[in-house]
Amino acid sequence: GEKVEQHESTLSVREGDSAVINCTYTDTASSYFPWYKQEAGKSLHFVIDIRSNVDRKQSQRLIVLLDKKAKRFSLHITATQPEDSAIYFCAASGNYGSSGNKLIFGIGTLLSVKP
Amino acid sequence: GPKVLQIPSHQIIDMGQMVTLNCDPVSNHLYFYWYKQILGQQMEFLVNFYNGKVMEKSKLFKDQFSVERPDGSYFTLKIQPTALEDSAVYFCASSTGTGGLEQYFGPGTRLTVL
């Protein structure tokens, strides 16, 4: 079945620097790639997603890149702030459409932004 | 933003007993999901549910598991009987399903089976 690998288990950056988290997937049919943020003791919070019909999407300081040929997608957080510190999960789904979509998650990356 | 609620936040039960985990999804959402996360491991899909029916389930969704949402009330996951390996955090999620793929997650229920 589909597997999603998240390459960085931990990542530490200085405030103001960029952080990059990389994920790869195995199923070429995957077409939807969301990212979630989980702060300590809280639930998963959707941050951004990308669909397979584009290769780049930006929302404020967040950029998602998708390389379908390499089956790789990445989250770039620019101008990081201490409140960006959290666990970030990537996910992939191939069930795009009216049947609902099951998400296959990566293991998560603990991002620490140091002042 | 929209919130998914889960009740209870923690549940401790003895092996072999029945447990029901409750989820209050976002009010206009049509698709409902359960995911399981064992400490230190990936979150894994269990099941999704639409229009009163299971649409897809994973191999983790054992015969002892069942889901329902009677008359628009809570979306529930029932485990009967429970086993030690059922200890995990269970996350509920919901989505509109009609073009909006974003899933909104609840805070999770930590289940401990003794």
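The preceding data block contains the structure.
Residues numbered from 1 in each chain as written. Chains lettered and ligands numbered in written order. Predicted model: local features only at pLDDT ≥ 70, side-chain atom pairs only at ≥ 80, totals over all residues. Heavy atoms only, no water.

Novice: What should I look at first to understand the interface of chain B and chain A in this one?
Specialist: One frequent convention defines the size of an interface as the accessible area lost when the parts assemble. The interface is formed by 21 residues belonging to chain B together with 21 residues belonging to chain A. Of the roughly 1,800 Å² buried between chain B and chain A, counting both surfaces, carbon and sulfur atoms make up 52%. For the pair chain B and chain A, the number of links is one salt bridge. For Lys 102 of chain A, the salt bridge identified is with Glu 56 of chain B, shortest N-O distance 3.0 Å. In this structure, the connection of chain B to chain A is made through seven residue pairs in polar contact (both at pLDDT 80 or more). Looking at the side of chain B that touches chain A, the elements that each hand over two or more residues are strand S4 (31-37), strand S5 (43-50) and strand S6 (53-57) of chain B. When residues of the side of chain B that touches chain A are assigned to their parent elements, the largest contribution, four residues, is made by S4 of chain B. Here the side of chain B that touches chain A is composed, by residue class, of 10 nonpolar, nine polar and two charged. (Contact = heavy atoms within 4.5 Å. Buried area = accessible area lost by both parts, 1.4 Å probe. Salt bridge = Lys/Arg side-chain N within 4 Å of Asp/Glu carboxyl O. Polar contact = N/O pair within 3.5 Å; in protein donor to acceptor, adjacent residues only side chain to side chain. Helix = DSSP H or I, 4+ residues; strand = E, 2+ residues; numbered from the N terminus. Nonpolar A, V, L, I, M, F, W, Y, C, P; charged D, E, K, R; others polar.)

Novice: Explanation requested: the packing of aromatic side chains in the structure shown.
Specialist: The geometry of an aromatic ring pair comes down to the distance between the two centres and the angle between the two planes. As enumerated under the stated definition, the model contains 18 aromatic pairs over all chains in all. When the centroid spacing of 6.3 Å and the interplanar angle of 85 degrees are considered together, the rings of Phe 89 of chain A and Phe 105 of chain A count as edge-to-face. One end of the pair, Phe 89 of chain A, is in strand S9 (residues 86-92); the other, Phe 105 of chain A, is in strand S10 (residues 104-105), with 16 residues separating them in the sequence. Pair check on accessibility: Phe 89 of chain A and Phe 105 of chain A agree, each one buried. Ring centres 5.9 Å apart and planes at 75 degrees place the aromatic pair Phe 105 of chain A and Phe 105 of chain B in the edge-to-face group. On the criterion of chain membership, the pair formed by Phe 105 of chain A in strand S10 and Phe 105 of chain B in strand S10 (residues 104-105) is interchain, its members lying in two chains. Residue classification places Phe 105 of chain A among the buried positions, given a relative accessible area of 1%. Aromatic ring contacts, followed pair by pair, group Tyr 36, Phe 46, Phe 89 and Phe 105 of chain A together with Tyr 33, Tyr 35, Phe 45 and Phe 105 of chain B into a single cluster. (Phe/Tyr/Trp six-rings, centres within 6.5 Å; stacked < 30°, edge-to-face > 60°. Buried < 20%, exposed > 50% of the residue type's maximum accessible area, 1.4 Å probe, protein only.)

Novice: Whenever I open this one, the pattern of salt bridges confuses me. Can you help?
Specialist: For side chains bearing opposite charge, pairing can occur when the charged atoms are close. Residues and elements named next belong to chain A. The final tally for this structure, using the stated rule, is five salt bridges over all chains. Put simply, Asp 84 and Arg 61 hold a salt bridge, and the shortest N to O gap is 2.9 Å. Of this pair, Asp 84 sits in the loop between strand S8 (72-77) and S9 while Arg 61 sits in the loop between strand S6 (56-59) and strand S7 (62-67), and the two are 23 residues apart along the sequence. In this structure Asp 84 comes out as buried when scored by relative accessible area, which is 7%.

Novice: Mind showing me how you'd approach the nonpolar core here?
Specialist: Note on soluble globular proteins: their nonpolar side chains tend to be buried together. Judged by nonpolar contacts, the single largest core of 25 residues is most densely connected at Trp 35, Phe 73, Leu 75 and Leu 111 of chain A. Contributing elements (two or more residues each) for this core: strand S2 (10-14), strand S3 (19-25), strand S4 (32-38), strand S5 (44-51), S7, S8, S9 and strand S11 (109-114) of chain A. Among the nonpolar cores identified, the runner-up in size contains 22 residues, and Val 19, Phe 32, Ala 88 and Val 113 of chain B belong to it. (Core = buried A, V, L, I, M, F, W, Y, C linked by side-chain atoms within 4.5 Å.)

Spatial relationships are all this shows, so hold off on functional conclusions.
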